[in-house]
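Here is how the chains run, residue by residue.
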Amino acid sequence: MNTSSIRRRRLAVSAAAAVSTALSVAIGVRLSAYGVPLALLLACCLSCMATFSSLLFRVIDALSTTVHRCTRPGCDFRVSLAHTDAAESRRWQEIAAQHPHRSH
């Protein structure tokens, strides 16, 4: 991974954390208007922040992952790669295309 991709990833992770926090605070503010007790409000905000963060981190990982699948119809073999260069990706693409097939 080169320095620009590391910077982009750090920026994306920071943005995801900021968005998760903002959404959780917005939910907390709306709930506090209904007189929700502080302990319940805190629990709800923290669980929302964890859920939003998990979702956004999965999206970030999915965007930076390359998947190579077998080209044979009906075969579900696949290889998932994250943060690889073009040569390594090509090598795994060839491995996925030439893997030993199970006979059904």
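Everything below is about the structure printed above this text.
Reading guide: rules and limits
- Residues numbered from 1 in each chain as written.
- Predicted model: local features only at pLDDT ≥ 70, side-chain atom pairs only at ≥ 80, totals over all residues.
- Heavy atoms only, no water.
- Disulfide = S-S within 2.5 Å.
- Buried < 20%, exposed > 50% of the residue type's maximum accessible area, 1.4 Å probe, protein only.
- Salt bridge = Lys/Arg side-chain N within 4 Å of Asp/Glu carboxyl O.
- Helix = DSSP H or I, 4+ residues; strand = E, 2+ residues; numbered from the N terminus.
- Expected span 1.5 Å × (residues − 1).
- Contact = heavy atoms within 4.5 Å.
- Patch = residues over 30% accessible without salt bridge, like charges linked within 9 Å, V, L, I, M, F, W, Y side chains within 5 Å.
- Areas by Shrake-Rupley, 256 points an atom, 1.4 Å probe, with all protein chains shown as cover.

(A) Inspection of the state of the cysteines at higher detail. The tally for this structure, following the rule as stated, stands at zero disulfides. Cysteine C48 shares no disulfide, and the gap to the nearest cysteine sulfur, in C44, comes to 4.2 Å. We classify C48 as buried; its relative accessible area is 17%. Free of any disulfide, C75 has its nearest neighbouring cysteine sulfur in C70, separated by 3.7 Å. A residue is classified by how much of its surface remains accessible, and C75, at 27% relative accessible area, is partly exposed.

(B) The arrangement of the pattern of salt bridges in detail. Summed over all chains, the structure comprises three salt bridges. The residue R9 makes a salt bridge to D61 at a minimum N-O spacing of 3.0 Å. Residue R9 is found in helix 1 (residues 3-32), and its partner D61 is found in helix 2 (residues 38-63); the two are separated by 52 residues along the sequence. Take R9: its relative accessible area is 28%, and that puts it in the partly exposed class. With its nearest N and O atoms 3.1 Å apart, the salt bridge here joins R91 to E88. Remark: E88 and R91 occur in helix 3 (residues 86-97); sequence separation between them is three residues, near one turn of the helix.

(C) Seen up close, helix 2. Its 26 residues give helix 2 an end-to-end C-alpha distance of 37 Å, which sits within 8% of 38 Å, the value for a rise of 1.5 Å per residue. The set of residues buried in helix 2 consists of L41, C45, C48, S53 and I60. Packed against the buried residues of helix 2 are helix 1.

(D) Broad picture of a nonpolar patch on the surface. Taken together, L55, V59 and L63 make up a surface patch of nonpolar side chains, about 320 Å² in accessible area. Mapped onto the elements, L63 comes out in helix 2. Residue classification places L63 among the exposed positions, given a relative accessible area of 73%.

(E) Representation of helix 1 within the structure. With 30 residues, helix 1 ought to run about 44 Å at 1.5 Å a step, and its terminal C-alpha atoms sit 43 Å apart, in line with that. Inspection of helix 1 places S5, A16, S20, S24 and G28 among the buried residues, and these make up the whole buried set. The inward-facing, buried residues of helix 1 contact helix 2.

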